[in-house]
Amino acid sequence: MNRSRSSPRALMVAVGVVAILAAACGSSTQSTAPSAAATVAVPATAAPAATAAPTPEVAITPEPVGLVGPNGGKVIRWFIGLGGGGQPAQIEAEQKFAADFNADPANKDKIYLAPEIYSNQVAAQQLQVQIAAGNPPDIIGPVGVEGLNIFRDNLLDVKPLIASQNFDMTRFDPALVDFFDIGKDGATIGVPYATYPSFIYYNTKLFDEAQLPYPPTKVGEMYNGKPWDMAALRELGMKLTVDKNGNDATSADFDPENIVQWGFDMQWADDRSDTEATIFGSSSVVTPDGKTAQITPQFNQGLKWFNDGVWKDHFIPTSAAINSDLLAKGNLFQSGNIAMVSTHLWYTCCINPAAPAKPSFSWGAAVVPENNGVTTAKLHADTFSILDTTKNPTEAFDVIAALAASPELLTNYGGLSADPALQQAFLDSVQKNYPDSKIDFQVIKDMLGYADKPSHQGWLPDYQKSRDALKAVYSKYRTTAGLDIDAELATLKTTLQGIFDQYNAANP
Amino acid sequence: MTDSPQALAATPRPRRSRWMLRPSTREALWGYAFIGPWLLGLALFTAGPIIASLVMSFTNFDLLHVDQTRFIGLDNYVRMTTDPLVAKSLISTFKFALIVIPVTMFASLGFALLLNHPQLPAKGALRTLVYMPIMIPLVASTLVWTGFLNTETGWLNKAFEAFGLTGPDWINSEVWIYPALTLMGLWAIGNFMIINIAGLQSVPTELYEAARIDGAGWWTQLRKITIPLMSPVLLYNLVIVLIATFQYFTQAYTLTNGKGDPNNATLFVNLELFREAFVFSRMGYGAAIAWLLFAIVLLLTLALFAFARRRVYYAGGDR
């Protein structure tokens, strides 16, 4: 009797154990289906607000490969997602590139490229975990300076490889050649690849309605007979800020509680107060030795200008306004209710509304205004980097050289090539997407020559924590009227110094 | 004949093999075998990580500098005592708890009383409607609420404007953010309401009849009959709300993109430990904050149970 009772029990227990172990040990592929295809490729460095992300990303992890690939070559793992590269059109281009690369007889028995693609939202954490687990990839990218800062201590200096592999750096703009000498102790952590200069996007419809001339398209040009500087920008911004009764911000009858159109903002500027202030001149909140916190006159002046712009002159929107329907919940320029924004070239991804809606205005490009005779157009630039744990640095660099030479990939990433010979393809694609806009592309090319140095995304001790402190200042001034900016900056300096001291003590 | 006591006594007992187990032992072993897979899962995926987290809290484990990991004793715990952000997160959490816990308890009881009223028509449909918001994913509902509470174009402030009032800046004000989050939480009190309804329905109706005969009104019945007899259910809800409040994360993270705005008012303890561990990569310090959170919640829960020993009435118990 016991035997007949115990057999079904034993079978049930065995089945249960097998099922649970099988579920626990089964592999999974991380992927999410996109809900809409992008009409324009989203660029690598784009960091829009969470509520304004243009297209959901897809993550693809390939089948695991060993040390030798199917073509007999050494496996080079390519980690994508830290910057861009996760949009459906980009994934297709990346997979095609990898397939073509691996099929190329020149790479047989030499290199096998294995891309792995992660959602931008989790890519940084994913990479951290891979590094911690001793399973890091070989190359990462496309990625901008901000993404690289997080992994600065883990990146290989590619200067020796540039020399040994005879990589031609002479074709790049001199301003970009040493742009990526930002690794530890001045290491070169990438070669120039894609650039995204910043400039003024202006809404032609709002200018026409106000019967105002468009802003200048050449550095040094006047606007309405006066220099095109920050004072002129302020005045123009106020004229283009309108309340629900049609009064502009220069009018005595202007109602700041009922604004329906704003004059200017710096869109998607990393939510950092120091980034916005770059338009007043390049600076860093840390001294070159990486030890002392500093608040430069440019930063001080810039933050006061923006704070007054929000609460006194009212031509810059508050945080509440930015997140409202009036400004498309954060995609300000797309809303059509702001006359000018200063942002980067990658923003060409996101001006058109999602299909089937049609764009309601055309736009143009203008140069950034000067401040005290100096024009500063903050720059984003993408590259591919090699992790210092790679066992195949030469092969990894060869892959990077091949990636940098692919015009199809670059077009999908929406970047202006650092190589002038490859720039036109992207510019043509932008014009194609905005057939009704007369875009002066020379503005974009010219702004490359006014890149901020030091970069607004330059490394800071304990980068993420320092960046967090800077973002807190931005959040506060955009939501709280009547702040004493000098006091806020003094507090920021103290906070940053504490962060720097703690970091430097732990990393002598 | 063979069953007589003498016969049984004379019959030699078979010798038990050393491998033969008692029936009760066999039964117990089968029980363990059936729950074995679950125990294995508990050990591997719950107990194991808990122990690992405790060990990690005594190290300077950093995801990006694993090779530099070393034992640092109580340094992480000492650091917490001087970290202004940890202090701020605790203050924010307690401030929020002081508002959200009583509001949730009263609101869920209120809804339960209302939706359990014998004369209320379409009770089933109404209960379903009140419960339904729980089905909506938290992130999606938070994003919807962000629009609803927007100062400029949100429907709530537009409704205030219709009555000539000016609505507050719900999301960007350090004062109004807590009521805003409480309002969002009220949308999902269906769970507690259902549990309260079950508690209400377990109160014997003859007690109410007797009370009515003695002239007790609605309020007296509530205080003297309903709440005492529902006290175990209320205690359960209170413990759950308390734990959920101290684990508050998703809405704060979604609303502020993980920043804890405005001015760290929504930098709750859970969000702070997430940032330390996963944003700043300081896993050791984040683990220490997690254990601090555990200790706080444990103390509060034990205090609640100590309070319950005096105040909670269990039918069939001593009180």
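Residues numbered from 1 in each chain as written. Chains lettered and ligands numbered in written order. Predicted model: local features only at pLDDT ≥ 70, side-chain atom pairs only at ≥ 80, totals over all residues.

**Points about the overall build of chain B**
Using the following cut-off: In this text, helices come from DSSP runs of H or I with a minimum length of four residues, and strands from runs of E with a minimum of two, each type numbered from the N-terminal end. With the radius of gyration taken over C-alpha atoms, the globule rule is written as 2.2 Å times the number of residues to the power 0.38. Three exposure classes are used, based on other C-beta atoms lying within 10 Å of a residue's own C-beta, which is placed from the backbone: buried for 20 or more, exposed for 12 or fewer, and partly exposed in between. Contact between two residues is assigned whenever their backbone-derived C-beta positions fall within 7 Å.
Within chain B one finds 14 helices and 0 strands. For chain B, the N- to C-terminal ordering of α and β elements is α-α-α-α-α-α-α-α-α-α-α-α-α-α. For 319 residues, the compact-globule estimate of 2.2 N^0.38 gives 20 Å, and the C-alpha radius of gyration of chain B, at 28 Å, exceeds that figure by more than 25%. By its C-alpha atoms, chain B is 100 × 75 × 35 Å across when sized along the principal axes. Residues counted as buried form 27% of the 319 residues belonging to chain B. Look at the contacts in chain B between residues 6 or more apart in sequence, and 65% of them connect residues 24 or more apart.

**Some words on the overall build of chain A**
Helix and strand counts for chain A stand at 18 helices and 14 strands. Buried positions account for 48% of the 508 residues belonging to chain A. Residue pairs in contact within chain A that sit at least 24 positions apart in sequence constitute 76% of those at least 6 positions apart.

**Things to note about the confidence of the model for chain B**
Residues shown with low pLDDT carry predicted positions that ought not to be read at fine detail. Defined as follows: Each residue carries a pLDDT score, the predictor's own confidence in it, on a scale running from 0 to 100.
In this model, chain B carries an average pLDDT of 90, and 92% of its residues clear a pLDDT of 70 or more. No element of chain B has a lower mean pLDDT than helix H1 (residues 5-10) of chain B, at 62, and none a higher one than helix H4 (residues 84-115) of chain B, at 95.

**Brief notes about helix H2 (residues 23-56) of chain B**
For clarity, the cut-off: At every residue, the bend is computed as the angle between two fitted axes, covering the seven residues ending there and the seven beginning there respectively.
The sharpest bend along H2 of chain B measures roughly 50° and falls at Gly-36 of chain B, with the proline Pro-37 of chain B sitting one to four residues further on. Counting buried residues along H2 of chain B, only 1 of its 34 residues qualify, which leaves the element largely exposed.

**Focus on the nonpolar core**
All names here are of chain A. Put simply, the test is: Only buried Ala, Val, Leu, Ile, Met, Phe, Trp, Tyr and Cys residues enter a nonpolar core, and they are joined through C-beta atoms within 7 Å. Each domain's extent was defined by an automatic or database domain assignment.
One finds Ile-76, Ile-139, Phe-199, Tyr-201, Val-399, Ile-400 and Met-447 to be the most contacted residues of the largest nonpolar core, which totals 128 residues. Top element by residues in this core is helix H17 (residues 463-479). It accounts for 7 residues. Counting contributing residues per domain, this core is built from domain 1 (50-195 + 380-450) and domain 2 (198-378 + 453-506), each supplying no fewer than three. What Ile-76 contacts, discounting residues up to four positions off in sequence, is Ile-111, Tyr-112, Leu-113, Ala-114, Asp-138, Ile-139, Asn-392, Glu-395, Ala-396 and Val-399.

**A few points about the packing of H2 of chain B against helix H14 (residues 283-311) of chain B**
Residues and elements named next belong to chain B. What counts is decided by this rule: Axes here refer to lines fitted to C-alpha atoms; in helices the fit is confined to the stretch in contact. Angles between the N-to-C directions go from 0 to 180 degrees. Note on terminology: angles under 35 degrees are roughly parallel, angles over 145 are roughly antiparallel, angles of 65 to 115 are roughly perpendicular, and the others are oblique. Working rule for handedness: look at the near helix, and if it is turned counterclockwise from the far one by less than a right angle, call the crossing left-handed; if clockwise, right-handed. In the scheme used here, Gly and all other residues not listed as nonpolar or charged are polar, with Ala, Val, Leu, Ile, Met, Phe, Trp, Tyr, Cys and Pro taken as nonpolar and Asp, Glu, Lys and Arg as charged.
At a minimum axis separation of 8 Å, H2 and H14 run at an interaxial angle of 110°. In terms of their interaxial angle, H2 and H14 are classed as roughly perpendicular. The handedness of the crossing between H2 and H14 is left-handed. Taking contact as the criterion, the partners of Ser-53, Leu-54 and Met-56 in H2 are, on H14, Met-283, Gly-284, Ala-287, Ala-290 and Trp-291. When its residues are assigned to classes, the contact of H2 with H14 shows 6 nonpolar, 2 polar and no charged.

**Considering the domain arrangement of chain A**
All names here are of chain A. We note that the domain assignment places domain 1 (50-195 + 380-450) and domain 2 (198-378 + 453-506) within chain A. The C-alpha-based centres of domain 1 and domain 2 are spaced at 29 Å. At the junction of the two partners, domain 1 supplies 25 residues and domain 2 supplies 30 residues. Listed by contribution, the elements that provide at least two residues to the side of domain 1 that touches domain 2 are helix H4 (145-150), helix H15 (423-433) and helix H16 (441-447).

**Thoughts on unusual backbone geometry**
All names here are of chain A. With an omega of 5°, the peptide bond between Gly-141 and Pro-142 qualifies as cis. Tracing the chain through its elements places Pro-142 in strand E3 (residues 139-144). Following Lys-453, the chain continues into Pro-454 via a peptide bond in cis, with omega recorded as 10°. With respect to the helices, strands and loops of the structure, Pro-454 is situated in the loop between H16 and H17.

**Considering the packing of H4 of chain B against helix H9 (residues 190-201) of chain B**
Residue and element names in this part refer to chain B. One way to put it is that H4 packs onto H9 with a least axis distance of 8 Å and a crossing angle of 55°. By the criterion of interaxial angle, the relationship of H4 to H9 is oblique. Remark: the crossing between H4 and H9 carries right-handed chirality. Every residue of H9 that contacts H4 at Thr-104, Ser-108, Leu-109, Phe-111, Ala-112 and Leu-115 is listed here: Phe-192, Met-193, Asn-196, Ile-197 and Leu-200. For the contact of H4 with H9, a count of residues per class yields 8 nonpolar, 3 polar and no charged.

**A word on the interface of chain B and chain A**
Many authors give the size of an interface as the accessible area that is lost as the parts come together. Across the contact, 25 residues belong to chain B and 28 residues belong to chain A. Sorting the residues of the side of chain B that touches chain A by element identifies H2, helix H6 (138-148) and helix H13 (269-279) of chain B as the ones contributing at least two each. No other element matches H2 of chain B, which puts 5 residues into the side of chain B that touches chain A. Taken together, the residues of the side of chain B that touches chain A break down into 12 nonpolar, 9 polar and 4 charged.

**Observations concerning the environment of Pro-174 of chain A**
Take Pro-174 of chain A: it is sitting in helix H6 (residues 174-177). Sequence-wise, Pro-174 of chain A and Leu-67 of chain A are 107 residues apart; in three dimensions their C-alpha atoms are separated by 38 Å.

**Thoughts on the environment of Val-285 of chain A**
Residues and elements named next belong to chain A. When you line up the elements, Val-285 lands in the loop between helix H9 (273-276) and helix H10 (297-311). Classification of Val-285 by C-beta neighbours within 10 Å gives buried; the count is 25. Counting along the chain gives 141 residues from Val-285 to Phe-426, while the straight-line C-alpha distance between them is 34 Å. The contact partners of Val-285, leaving out residues within four places of it in the chain, are Asp-274, Ala-293, Gln-294, Ile-295, Leu-460 and Leu-496.

**A closer look at H4 of chain B**
Test applied: Expected span, for any helix, means 1.5 Å times one less than how many residues it has.
Taking 1.5 Å of rise per residue, 32 residues should cover 46 Å, and H4 of chain B covers 45 Å from first to last C-alpha, within 8% of that figure. Along its length, H4 of chain B shows its largest kink, about 30°, at Ala-97 of chain B.

**Points about the pairing of strand E4 (residues 194-203) of chain A**
All names here are of chain A. This is how the line gets drawn: Strands were regarded as paired on the criterion that DSSP finds at least two bridges between them.
Where burial is concerned, most of E4 is hidden: 10 out of the 10 residues are buried. Two elements, E4 and strand E13 (residues 379-386), share 4 bridges in a ladder whose sense is antiparallel. Within the sheet, the bridge partner assigned to Tyr-196 lies in E13 and is His-380. Strand direction decides the pairing type here: E4 and strand E14 (residues 416-417), joined by 2 bridges, are antiparallel. By the bridge assignment, Ala-194 is partnered in E14 with Ser-417. In terms of strand pairing, E4 meets strand E9 (residues 338-344) through 5 bridges, oriented antiparallel. Residue Ser-198 lies in a different strand from E9, and its bridge partner there is His-344. Examined bridge by bridge, E4 and strand E10 (residues 363-366) share 4 bridges and lie antiparallel to one another. By the bridge assignment, Tyr-201 is partnered in E10 with Ala-365.

**Description of the pairing of E13 of chain A**
Residue and element names in this part refer to chain A. Extensive coverage of E13 is indicated by the burial of 8 of its 8 residues. Residue alternation in E13 divides its side chains into two sets, Leu-379, Ala-381, Thr-383 and Ser-385 and His-380, Asp-382, Phe-384 and Ile-386, and both sets are buried. Here E3 runs beside E13; their pairing, made up of 4 bridges, is antiparallel. Directly across from Ile-140, in E13, lies its bridge partner Ser-385.

**Focus: the confidence of the model for chain A**
Residues and elements named next belong to chain A. Per-residue pLDDT for chain A has a mean of 86; in total, 87% of the residues score no lower than 70. Contacts for the low-pLDDT stretch residues 1-6, under 50 throughout, to residues beyond four places or in other chains number 0 contacts. In this model, residues 19-56 is a region of pLDDT below 50 whose contacts with residues beyond four sequence positions or in other chains number 88 contacts.

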